[in-house]
Amino acid sequence: MRTYKNNVIHDKIMKCILYLAIGLLAVVSFFPFYAMIINATRSGVEISRAFSLIPSSHLVENYVQLIKFVNIPRGILNSILVSVPATLFTAYFSALAAYGLAFYKFKTNKIVFAAILIFMMIPGQLSLIGFYQLCTKLHLVNSYLPLILPAIASPGTVFFLRQYALSAVPETLIEAARLDGANELYTFHRIIIPILSPGIATMGIMTFIGNWNSYLLPMIILNKTEKFTLPVMVSTLRSATDLQQNQGATYLAVAISVIPIMLVFTFFSRYIISSISAGAVKE
Amino acid sequence: MRKHKRLGSYNNWGYLFVLPFSVIFLIFSVYPVLRTLHLSFTDLKVMGDAHFIGFNNYIRVIQDKFFWKALLNTVRIWGVNIVLQLGLAFLLMMVFSDVKYKMKGLGFFRIVYYLPNLIAATSVAFLFQTLLDWRYGSFNIIISNIARFFGTSYNPVDWIGNGHVVPYVIAVIQSWMWFGNSFIMLMAGVQGIPKDYFEAAAIDGAGRWTVFFKITLPLLRPIMMYVAITSLIGGLQMFDLPFLMIQPSSSAYGNVQTVMMYLYRFGFTAGSINTGYASAVAYMLFLIILAVSLIQLYLFRDKDKTNTKKGGRK
Amino acid sequence: MKRKKLLAGILAGTMALGLVACGSSDSADSGSAAQADGAAAEDGSAASSGDALVIWTLAKDLETFGEYYEQQTGNDVEVVVYAPEDYPTKVQTAIMGGETEPDIIVGEPQMLGDMYDNGFFANLDDLGAQDYADQIVDYVWQVGQDKEGVQRAVSYQITPAGIYYRRDIAQEVFGTDDPETIGAKFADYDTIRETAQTLKDAGYRIFASDSEINYFSGDSAWVVDGALNVDQGRLDYMDLVVDLYKNDLTAYCNQWSTPWYQAMAGEVPILTADIQNYADDSVNVWDAEAFAEQTADLEKTSVFAFGLPSWGVLTMRDNVGDLSGKWGVCAGPSYGFGGGTFIGISSLSKRQEQAWDFIKFVCFNEETADWWIETSEGDTVSLISALEKHAEDANDVYGGQTLYSFWLDQAKGIDYSKVTQYDKVIGDAWGAAIGSIKTGEMNKEDAISNFYDTVQSTYPDLIINR
């Protein structure tokens, strides 16, 4: 039998060990990110000669090289024009579909869910040419629509939110709302979305990052330099005869492109945490 | 008044809820895939006339030992990767959801653990190629110095050149890139569990392990199913990291080539493009993923149902 | 209630942004110039009216050419640059999808075979290409032809390969740094073996990696009359690479890796004592005592030579550091080349005449060639008259050597019939086979048999005589 005091000490030691462990893991996770930022300050020759954790003095040089090659603000703006609506579409319509699949017993429910799972399994590259031909037919080549509209149907997110709703939404709540005479859409907007919000925010982060970093599809669809999203723009740094010279600039571009992600991450994260303290949504 | 309607009419709202999803899904996902399905039955190279050749492409896939080797390679890398990745994510989830320790800083750690995933795979590959170089890489030099310090010697391992070692190296890097992702998903699931379950448990005087096994784990099962299925789908389509780290001219390539890399050779590598065959490979991969997923779904099925009921009973 | 506001805000935001996005895409043609505002003005090419010639390229060079073309002729050009590794996917998807937008598309030698076979390029002979046949270095002209000999593409540059060597080490070891004499030290594989041993005895290593003579390997094509052809030269090359590795004659870098670049600027740590392979772990190069014993006073070594195409002139220039001026270039054991951007007209282009005018301007115009030599700081053009004109230009990084006449000579020797569209896959498989022999993973017989299997798997239609 341990005394109360012993127990407290034991807990404290355990907590210290745990913090140490997760802290160490954090260092390991932070390491490549740090290396990337350091490389943004080094010249291409320095980068290809040796690995280093000490910053160098070529930050300005890399920046000059970068803006000589690509129009970064334009790329950021274009990426925002694609990523933000796409993320919001995914978040809203996926939650809608997920809720429908989780709590309504209509005839095609199982078919839709099965289709979602099956199409997640088909390698995406396969339908690239079919997708492009569709866009040509609909006159959508070189427009942002083929990058934004498909976000309404994001199988992975629907799947996640369906599973999430199953564990987070008590059915009694829906019944109670119905007894109060609430319209189903009203229930969804006022009661379900708040309960699902940690899940929606989590998928929001993932979707935004996915869209922000998306490369293949925008590269295939966009034909005008001034319409390029950031990753497509940055990839053109590799087209130089003198590849090496652009290495530092590439790292700098990647570092810059991570900033909006961090902002979105922080924004959504706050939202995820707040929902825990606001656990009593139902009252 | 709506409240007098039968339950069935409520259920019809379900059609409306999945309508926007379904329309867009049919246009932008289903149609392009079905449009390219017939290609796998033709001899189309890049452009021009495609002749119908029946199941010849599929027969060729089944008969090619390199396809099966690629599948084996994929499963080996993925197997090691998934154990590490999900194991780590699960442990972290346990730590951060522990009702006794109440660890702080979740917001911070969530971002930091996700960082490896934010860096383009090209940079990750380049970084590890440099660090893990056999004779010049920092990693071997550090280990050898440590060994020397303790009076022993270390025979350096060629981490990225030795075909017997490199699949595991890639699996570890892959896990390191993705554990944060799995962790975030699991944590979202934990945070979605209605708080009154925990409160009720606290009033009943339940211990931390009771809470974990009786509340957290069962309620998390749907999310765990999601994580398991998506990891499988993503894992069997593994491409970036092995593709970028190991050149086709390396002797280790044969042990690293994944199914997607095999597909890439016929789908997109100049000089060997064979669209018909690449399509057949893609559908074979799909069938394999489908088969394994069905097994997974079956394993999770019962629990999924009890869970829904539990939510309803409350 | 806060939540409700947030939700309303999100929804409103979605719609607004959705509209913005839709608007910007619908008005793609008319509105893009206005929207691109300041950005467009900088790009120069962005203010695209309907008649601008559209160029899709994988080389930034062409953007520079495009600007120069606009400036000289007043014609509008819009250059869109894509990353080289994804360019084939981009063009393939677009042309297969019936895209008529690009007028000019490009390719690197290993992509061209597919592009010709599938009708990506328009026929340049119809536009009068043969009038210019004599003005361009021969092998480049041939690379631009499809199987029937129809001209489909041209390049503004040549990329013959050469051996870049250290003049100071040459003086010390061989008593001369004359390119002719040093070239003789690389005349054939046996001579290279001897040269390598001589250099090792003097405390140097002949190459940083064992891939340096790859550009010069093989006497005949990989595929002849639909059959895989492994000639004696390939086998000799295999033996040479294995020997270089097993006899500790290189510095064991991987090509394009960090230490490989380091070796251009001087000493690299030499970490080897004896050959180590996976099958035999007896020797430990990291064991301090054994290491010291076997390397004696050799803690670092310098690398004598690199094998690179003519664009290596720029790579070396950027990396040699203090050794600038101490390098030279000589011929390798055979003639080879690597890379190069070839320009052609998309078969779906509706402005073939305009596009041809651009190609003529880029490839056949001596003034353009002069300008390019200066702008690129030393790229090697394909226009013979320009190469002859600059034959006496001395390059200080290479000890004042006259490189243009050297490259022209090397280019003349290139036998383009050796090049096939199978080269990338087969060459990689051969490299993997060599790799597994040198590290002891497989014996020669198994490795070659595995090589045959790989080739057969990729090209089931090829005849393979084992």
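Residues numbered from 1 in each chain as written. Chains lettered and ligands numbered in written order. Predicted model: local features only at pLDDT ≥ 70, side-chain atom pairs only at ≥ 80, totals over all residues.

## Comments concerning the overall build of chain B
Helices and strands together make up the secondary structure of chain B, namely 14 helices and 0 strands. Going from N to C terminus, chain B has its helices and strands arranged as α-α-α-α-α-α-α-α-α-α-α-α-α-α. By the compact-globule yardstick of 20 Å for 314 residues, chain B is too spread out, its C-alpha radius of gyration being 25 Å. If you line up chain B on its principal axes, its C-alpha atoms span 70 × 70 × 30 Å. Classification of the 314 residues of chain B by burial places 47% in the buried group. Counted over contacts in chain B with a minimum sequence separation of 6, partners at least 24 positions apart contribute 71%. (Helix = DSSP H or I, 4+ residues; strand = E, 2+ residues; numbered from the N terminus. Rg over C-alpha atoms; globule rule 2.2 N^0.38 Å. Buried ≥ 20, exposed ≤ 12 C-beta atoms within 10 Å, placed from the backbone. Contact = placed C-beta atoms within 7 Å.)

## So, the overall build of chain C
For chain C, the count of helices and strands is 20 helices and 13 strands. Expressed as a percentage of its 466 residues, the buried residues of chain C come to 49%. Contacts in chain C between residues far apart in sequence, at least 24 positions, make up 71% of those at least 6 positions apart.

## Points about the environment of Glu67(C)
By the element assignment, Glu67(C) lies in helix α4 (residues 61-73). Each C-alpha atom of the pair Glu67(C) and Val79(C) lies 8.9 Å from the other, and the pair is 12 residues apart in sequence.

## Brief notes about the sheet that holds strand β3 (residues 104-107) of chain C
Residue and element names in this part refer to chain C. A sheet is described by the order of its strands in space; here 5 strands give the open sequence β2-β1-β3-β13-β4, paired in mixed fashion. The open sheet is flanked by β2 (77-81) and β4 (153-155), the only strands paired with a single partner. Looking at each pair of strands side by side, their axes are set apart by 25 degrees on average, direction ignored. Strand direction decides the pairing type here: β4 and strand β13 (residues 342-345), joined by 3 bridges, are antiparallel. Opposite Val154, over in β13, you have Ile343 as the bridge partner. In the packing of helix α15 (residues 352-363) onto the sheet, the strands contacted are β1 (53-57), β2, β3, β4 and β13, and the crossing angle to β13 comes to about 160 degrees. (Pairing = 2+ DSSP bridges. Axes fitted to C-alpha atoms, helices over the stretch in contact; angles between N-to-C directions.)

## A short note on the pairing of strand β5 (residues 161-166) of chain C
Along a regular strand, successive side chains alternate from one face of the sheet to the other. All names here are of chain C. By the criterion of burial, β5 is predominantly enclosed, with 6 of the 6 residues buried. Neither face of β5 is open: one carries Ala161, Ile163 and Tyr165, the other Gly162, Tyr164 and Arg166, and all of them are buried. Relative to strand β11 (residues 303-309), β5 is paired through 5 bridges, and the arrangement is antiparallel. Paired with Tyr165 across the bridge in β11 is Ala305. Here β5 pairs with strand β12 (residues 327-330) via 4 bridges, running antiparallel. When the sheet's bridge partners are listed, Ile163 is paired in β12 with Cys330.

## As for unusual backbone geometry
Phi is positive for Asn142(A), which is not a glycine, with a value near 70 degrees. The phi angle at Glu377(C) is positive, at roughly 60 degrees, despite the residue not being glycine. Of note, Glu377(C) is situated in the loop between α16 (366-375) and α17 (384-389).

## As for helix α10 (residues 189-201) of chain C
Residues and elements named next belong to chain C. For α10, spanning 13 residues, the distance from its first C-alpha to its last is 19 Å, which sits close to the expected 18 Å at 1.5 Å a residue. Along α10, the positions that sit buried rather than exposed are Tyr189, Ile192, Thr195, Ala196 and Leu199. Seen along its axis, α10 keeps its buried residues to an arc of 110 degrees; they face one direction. Counted as exposed and oriented over 90 degrees from the buried face of α10: Asp190, Glu194 and Asp201. Where the residues of α10 are buried, they touch α8 (167-174), β6 (205-207), α11 (232-246) and β11. Of the residues trailing α10, Gly203 is marked for its positive phi of about 95 degrees. (Expected span 1.5 Å × (residues − 1). Arc of directions from axis to C-beta.)

## Topic: the environment of Lys444(C)
Residues and elements named next belong to chain C. Mapped onto the secondary structure, Lys444 falls in helix α20 (residues 444-458). Judged by the 15 C-beta atoms lying within 10 Å of it, Lys444 is partly exposed. Remark: the alpha-carbon pair of Lys444 and Met238, spanning 206 residues in sequence, is separated by 9.5 Å.

## Description of the pairing of β2(C)
All names here are of chain C. Within β2, 5 of the 5 residues are buried, which leaves it mostly tucked inside the rest of the structure. Here β2 shows two buried faces, one formed by Val77, Val79 and Val81 and the other by Glu78 and Val80. Relative to β2, β1 runs parallel, the two sharing 5 bridges. Residue pairing across strands places Thr57 opposite Val81, the latter belonging to β2. Since β1 and β2 lie parallel, the crossover through α4 that links them has a hand, and here it is right-handed. (Right-handed = clockwise from strand over helix to strand, strands pointing away.)

## With respect to the packing of helix α19 (residues 423-438) of chain C against α20(C)
All names here are of chain C. Between α19 and α20, whose axes approach to 9 Å, the crossing angle comes to 160 degrees. Classified by the angle between their axes, α19 and α20 sit roughly antiparallel to one another. In the crossing of α19 with α20, the sense of the turn from one axis to the other is right-handed. Of the residues in α20, those in contact with Val425, Ile426, Ala429, Trp430, Ala433, Ser436 and Ile437 of α19 are Lys444, Ala447, Ile448, Asn450, Phe451, Thr454, Val455 and Thr458. (Parallel < 35°, antiparallel > 145°, perpendicular 65-115°, else oblique. Left-handed = near helix turned anticlockwise from the far one by under 90°.)

## A few points about the domain arrangement of chain C
All names here are of chain C. We note that the domain assignment places domain 1 (2-159 + 338-403) and domain 2 (162-212 + 250-330) within chain C. Taken together, the contact between domain 1 and domain 2 spans 13 residues of the former and 16 residues of the latter. Of the residues that constitute the side of domain 1 that touches domain 2, the class distribution is 4 nonpolar, 7 polar and 2 charged. (Domains from an automatic or database assignment. Nonpolar A, V, L, I, M, F, W, Y, C, P; charged D, E, K, R; others polar.)

## Regarding the confidence of the model for chain B
All names here are of chain B. Per-residue pLDDT for chain B averages 84, and the proportion of residues at 70 or more is 93%. Looking across chain B, the model is least confident in helix α1 (residues 7-11), with a mean pLDDT of 70, and most confident in helix α3 (residues 56-63), with 94. Long-range and interchain partners of residues 1-5, a stretch whose pLDDT sits below 50, account for 7 contacts in this model, where long-range means more than four residues apart. In this model residues 304-314 is a low-confidence stretch, pLDDT under 50, and it forms 19 contacts with partners more than four residues away in sequence or in other chains. (pLDDT = per-residue confidence, 0-100.)

## Quick notes on the nonpolar core
By size, the foremost hydrophobic cluster in this structure holds 299 residues, and its most contacted members are Ala95(A), Tyr99(A), Leu161(A), Ala165(A), Leu196(A) and Val281(B). At 17 residues, the largest contribution of residues to this core is made by helix α4 (residues 72-103) of chain A. Those residues in contact with Ala165(A) that lie beyond four places of it in its chain are Ala98(A), Tyr99(A), Ala102(A) and Leu196(A). (Core = buried A, V, L, I, M, F, W, Y, C linked by C-beta atoms within 7 Å.)

## Focus on the sheet that holds β12(C)
All names here are of chain C. One open sheet accounts for 4 strands, arranged β6-β11-β5-β12; its pairing is mixed. Each having just a single partner strand, β6 and β12 make up the two edges of the open sheet. Each strand of the sheet is rotated relative to its neighbour by a mean of 20 degrees, with strand direction disregarded. Together, β6 and β11 form the strand contacts of α10, whose direction differs from that of β6 by roughly 140 degrees. The strands touched by helix α14 (residues 312-319) within the sheet are β5, β11 and β12, with β11 carrying the most contacts at an inclination of about 140 degrees.

## Overview of the environment of Val313(C)
All names here are of chain C. Within the secondary structure, Val313 sits in helix α14. When the 22 C-beta atoms within 10 Å are taken as the criterion, Val313 is described as buried. When the C-alpha positions of Val313 and Glu377 are compared, they lie 9.8 Å apart, and in sequence the two are 64 residues distant.

## A short note on the confidence of the model for chain C
All names here are of chain C. Per-residue confidence for chain C gives a mean pLDDT of 82; residues scoring 70 or more make up 83%. Mean pLDDT per element in chain C: helix α2 (residues 28-35) is the minimum at 36, and β13 is the maximum at 96. This model gives residues 1-49 a pLDDT under 50, and the stretch forms 54 contacts once residues within four places in sequence are excluded. Segment residues 272-298 is flagged for pLDDT under 50; beyond a separation of four residues in sequence, or across chains, it makes 40 contacts in the model. The complex model carries a pTM of 0.83, and its ipTM stands at 0.84.

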